[in-house]
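This is what each chain is made of:
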Amino acid sequence: MSRSVFYGAKSGVAIEMTQPLYRTPCLNGILPDRIFLQTLPSMLASHVLQVSPGMRVLDMCSAPGGKTTHLAILMKDQGELVAIDKNEKKIEQVKKLCELMGITCVTCYKGDSTKLLSNSNEISPKFPPESFDRVLLDPPCSGLGQRPKIKEGMGLKQLKSHADHQKKLADCATQLVKPGGILVYSTCTIHPLENEMMVRYILDSHPTLKLEEQHPILSESKFTGMHGALTSEEAQLCQYFDPRVNKDSIGFFIAKFRKLDS
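Residues numbered from 1 in each chain as written. Predicted model: local features only at pLDDT ≥ 70, side-chain atom pairs only at ≥ 80, totals over all residues. Heavy atoms only, no water.

Caption draft 1: Main features of the overall build of the protein. Secondary structure assignment for the protein yields 7 helices and 8 strands. Here the C-alpha atoms of the protein give a radius of gyration of 19 Å, agreeing with the 18 Å that 2.2 N^0.38 yields for 262 residues. Over its C-alpha atoms, taken along the principal directions, the protein stretches across nearly 55 × 45 × 35 Å. Looking at the protein residue by residue over its 262 residues, the buried ones come to 47%. Contacts in the protein between residues at least 24 apart in sequence constitute 74% of all its contacts with a sequence separation of at least 6. (Helix = DSSP H or I, 4+ residues; strand = E, 2+ residues; numbered from the N terminus. Rg over C-alpha atoms; globule rule 2.2 N^0.38 Å. Buried < 20%, exposed > 50% of the residue type's maximum accessible area, 1.4 Å probe, protein only. Contact = heavy atoms within 4.5 Å.)

Caption draft 2: A look at the environment of Phe127. Along the chain, the position of Phe127 falls in the loop between β3 (106-110) and β4 (132-137). Phe127 sits in the buried class, given a relative accessible area of 6%. In sequence terms Phe127 and Asp164 are 37 residues apart; their C-alpha atoms lie 23 Å from each other. Setting aside its immediate chain neighbours within four residues, Phe127 contacts Arg56, Val82, Ile84, Tyr109, Leu116, Leu117, Ser118, Phe132 and Leu176.

Caption draft 3: A look at the packing of helix α5 (residues 156-176) against helix α6 (residues 196-205). Two elements in contact, α5 and α6, have axes separated by 10 Å at closest approach and are oriented at 40°. With respect to each other, α5 and α6 are oriented oblique. As α5 runs across α6, the sense of the crossing is right-handed. When α5 is examined against α6, the residues Ala163, Gln166, Lys167, Ala170, Asp171 and Thr174 are found in contact with a partner set consisting of Met198, Tyr201 and Ile202. Looking at the contact of α5 with α6, its residues break down into 5 nonpolar, 2 polar and 2 charged. (Axes fitted to C-alpha atoms, helices over the stretch in contact; angles between N-to-C directions. Parallel < 35°, antiparallel > 145°, perpendicular 65-115°, else oblique. Left-handed = near helix turned anticlockwise from the far one by under 90°. Nonpolar A, V, L, I, M, F, W, Y, C, P; charged D, E, K, R; others polar.)

Now the structure itself:
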């Protein structure tokens, strides 16, 4: 069965795999100080952010640390990379991963990334507006682009709650990136409320941010701005991984914004 049929089927039979299909060994846990398994779109998001050594970079939702460590490597471990996560246990895992990989440019904080601005009264690490060259926002999402589940218990109310939280994170992210800097928004969902409609919200709420062409472009999906949230020109600037088209990929979405001088 092809991956496109697998993702598109409305019914099927669950099986348990007892023997590997290939002789290639599982890489999970092999050379943990050198290898961290990631999907292709997840790695792509880090490249789209276009970091370089010496930059000040913010990863707003860092755990489990794959994108954080990838960004640090792309920065050649030079500069400052601030990693935030709300969950203490998860941010400790990010710290341990950085230590394991010998990365020193990452500073980890437990905190609420909707309240990172210095004018917030909430307890969290604080940063002045426009203090980061690059910001990665890969927020908690519905995960509907991940492997199919036998049963999905998520309802419309929960889906909307994800989008509401993502808007708060985006509002903070747009204020933290410097003029001329880049904000990348990415999710592992195929839900328009969390993808193209979120891009529409960011563009309408923050006119100093503009969509920008991405490099590299690896998505095979032709994203045309369904649901009317984006114009065709805006939609073509986003990368949309549809498992029915990108047959060996999870569902994923990437948007890249450049902040103009105010």
